[in-house]
Amino acid sequence: MKNKEKICLIAGVGPGTGTQSAKKFSKNDYKVIMLARNINFIKNLEKKIHNSFAYQCDVSDMRNIKETCDQVITEVGNPDIFIHNAVAGVADGGLAGSFLGDNPERLDRNFNVNTKSLLYFARALAPNMIKNKSGSIIITGNTSALRGKPDFIYFAPTKAAQRILAQSLARELGPKGVHVAYILIDAAIDTPRTRPIFAKDKKDDYFCKPEDIANEVFHVAHQARSAWSFDVEIRPDIEKW
């Protein structure tokens, strides 16, 4: 990377993958920009993680994304790495819901957070990466990107669209020196939110650990140009697939 001070921006910093990714990049000499709706949470992290910067951002609001990116670039600098870790459809009320019931408008909000926001972040951040012929955009996804289940009716379509959008970005940006990769997490992630939703009585080895996911995110973001990945699948050793 050409910039002397490397910068990583993470959208969707919660108590799991986002926090551990912030710690991983900070320990490897990055300035880390943390975006989340919960400003109190990331402000507290800012005190604990060296060289980190907290910005409140609602990624369901495209105007807010642009305004926040402009502010970040002005105050901190242009990110070398962007991690799209924001997700809607899991923590806000769970996934279950038949297409005949619930609130079908959930699909719109999930699409904005999971898919449309990726486009707007790329529009804001990729031009400088293209200029430098260097940079990485890493998206964290899950198996809903590849299959639709009945109870995932308001979620799976948005993750499938997210992956295809990421693939389009990868095909366009790769020849311009910017690496785009989609990390598909085939597991329940071990966080205080997901344990009650997916697996109250499961043992620890059932879950994918946020620290291990963060290590893989870091690895993929720094792959050699001659061996870039796009689809990256990770899962616990006991996971059936």
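Just so it is clear, the model here is predicted, and its values are computed rather than measured.

## What to know about the pairing of strand E1 (residues 6-11)
- Judged by how many residues are buried, E1 sits mostly within the fold: 5 of 6 residues are covered.
- In terms of strand pairing, E1 meets strand E2 (residues 30-36) through 6 bridges, oriented parallel. Residue pairing across strands places Ala-11 opposite Leu-35, the latter belonging to E2.
- Viewed along the sheet, the connection from E1 through helix H1 (residues 17-27) into E2 turns out right-handed.
- Pairing of E1 with strand E4 (residues 81-84), which is carried by 4 bridges, proceeds in the parallel orientation. Its bridge partner lying in E4, Ala-11 is registered against His-84.

## Looking at helix H5 (residues 156-173)
- Between its first and last C-alpha atoms H5 spans 25 Å; for 18 residues at 1.5 Å apiece the expected length is 26 Å, and the two agree.
- All buried positions along H5 are accounted for by Ala-156, Thr-158, Lys-159, Gln-162, Arg-163, Leu-165, Ala-166, Leu-169, Ala-170 and Leu-173.
- Here the buried face of H5 lies against E4, helix H4 (106-132), strand E5 (136-142), strand E6 (179-185) and strand E7 (231-234).

## What to know about the nonpolar core
- Residues Leu-9, Ile-33, Phe-82, Leu-118, Phe-121, Ile-137 and Val-180 are the most contacted members of the largest nonpolar core, which totals 36 residues.
- Only E1, E2, helix H3 (62-75), H4, E5, H5 and E6 provide two or more residues apiece to this core.
- In terms of residue count, H4 provides more of this core than any other element does, 7 residues in total.
- Residues contacting Ile-33, with those up to four places away along its chain left out, are Ile-7, Cys-8, Leu-9, Ile-10, Phe-53, Tyr-55, Val-72 and Val-76.
- If you look at the next biggest cluster of nonpolar residues, it comprises 27 residues, including Ile-10, Ile-81, Ile-83 and Phe-218.

## Thoughts on the layout of surface pockets
- The space that makes up the second largest pocket amounts to roughly 160 Å³.
- Ser-134, Ala-221, Gln-223, Arg-225 and Trp-228 are, among the 12 residues lining the second largest pocket, the residues nearest its centre.
- Its residues assigned to classes, the lining of the second largest pocket shows 4 nonpolar, 7 polar and 1 charged.

## Notes on unusual backbone geometry
- At Asp-29, a residue that is not glycine, the phi angle is positive and equals roughly 70°.
- One can find Asp-29 in the loop between H1 and E2.
- Taking the relative accessible area as the measure of exposure, Asp-29 reaches 64% and is therefore exposed.
- Positive phi values are uncommon outside glycine, yet Lys-133 reaches one of about 55°.

## Observations concerning the sheet that holds E5
- With parallel pairing, 7 strands are arranged side by side in an open sheet as E3-E2-E1-E4-E5-E6-E7. Taken across any chain shown, the strands that pair with only one partner, and hence form the sheet edges, are strand E3 (52-56) and E7. Within the sheet, the average angular offset between the axes of one strand and its neighbour, ignoring direction, is 20°.
- Against the sheet, H3 makes contact with E1, E2 and E3, and its axis sits at roughly 155° relative to E3, the strand it touches most.
- Against the sheet, helix H7 (residues 210-221) makes contact with E2, E4, E5, E6 and E7, and its axis sits at roughly 155° relative to E6, the strand it touches most.

## Considering a nonpolar patch on the surface
- Together, Phe-99, Leu-100 and Ile-153 make up an exposed nonpolar region whose accessible area comes to about 350 Å².
- Inspection of the secondary structure puts Ile-153 in the loop between E5 and H5.

## A short note on the packing of H1 against H7
- Close contact between H1 and H7 brings their axes to 8 Å; oriented N to C, the two are set at 55°. The angle between H1 and H7 places the two elements in the oblique class. As for the relative orientation of H1 and H7, their crossing is right-handed in sense. Packed against H1, whose contacting residues are Thr-17, Gln-20, Ser-21, Lys-24 and Phe-25, the element H7 presents Pro-210, Glu-211, Ile-213, Ala-214, Asn-215, Val-217, Phe-218 and Ala-221 at the interface.
- In the contact of H1 with H7, the residues fall into 7 nonpolar, 4 polar and 2 charged.

## Brief notes about H1
- All of the buried residues in H1 are Thr-17, Gly-18, Thr-19, Ser-21, Ala-22, Phe-25 and Ser-26.
- Downstream of H1 by a residue or two, Asp-29 has a phi angle that is positive, lying close to 70°.

## Examining the environment of Lys-23
- In this structure, Lys-23 sits in helix H1.
- Put simply, Lys-23 and Asn-51 are 28 residues apart on the chain and 9.9 Å apart in space, counted from C-alpha to C-alpha.

What counts, and where the lines are drawn
- Residues numbered from 1 in each chain as written.
- Predicted model: local features only at pLDDT ≥ 70, side-chain atom pairs only at ≥ 80, totals over all residues.
- Heavy atoms only, no water.
- Buried < 20%, exposed > 50% of the residue type's maximum accessible area, 1.4 Å probe, protein only.
- Helix = DSSP H or I, 4+ residues; strand = E, 2+ residues; numbered from the N terminus.
- Pairing = 2+ DSSP bridges.
- Right-handed = clockwise from strand over helix to strand, strands pointing away.
- Expected span 1.5 Å × (residues − 1).
- Contact = heavy atoms within 4.5 Å.
- Core = buried A, V, L, I, M, F, W, Y, C linked by side-chain atoms within 4.5 Å.
- 1 Å grid on protein atoms, 1.4 Å probe; cavity = no way out; pocket = protein on both sides within 12 Å on 5 of 7 lines; lining within 4 Å.
- Points joined across faces, edges and corners; volume = space filled by probe spheres on them.
- Nonpolar A, V, L, I, M, F, W, Y, C, P; charged D, E, K, R; others polar.
- Axes fitted to C-alpha atoms, helices over the stretch in contact; angles between N-to-C directions.
- Patch = residues over 30% accessible without salt bridge, like charges linked within 9 Å, V, L, I, M, F, W, Y side chains within 5 Å.
- Areas by Shrake-Rupley, 256 points an atom, 1.4 Å probe, with all protein chains shown as cover.
- Salt bridge = Lys/Arg side-chain N within 4 Å of Asp/Glu carboxyl O.
- Parallel < 35°, antiparallel > 145°, perpendicular 65-115°, else oblique.
- Left-handed = near helix turned anticlockwise from the far one by under 90°.

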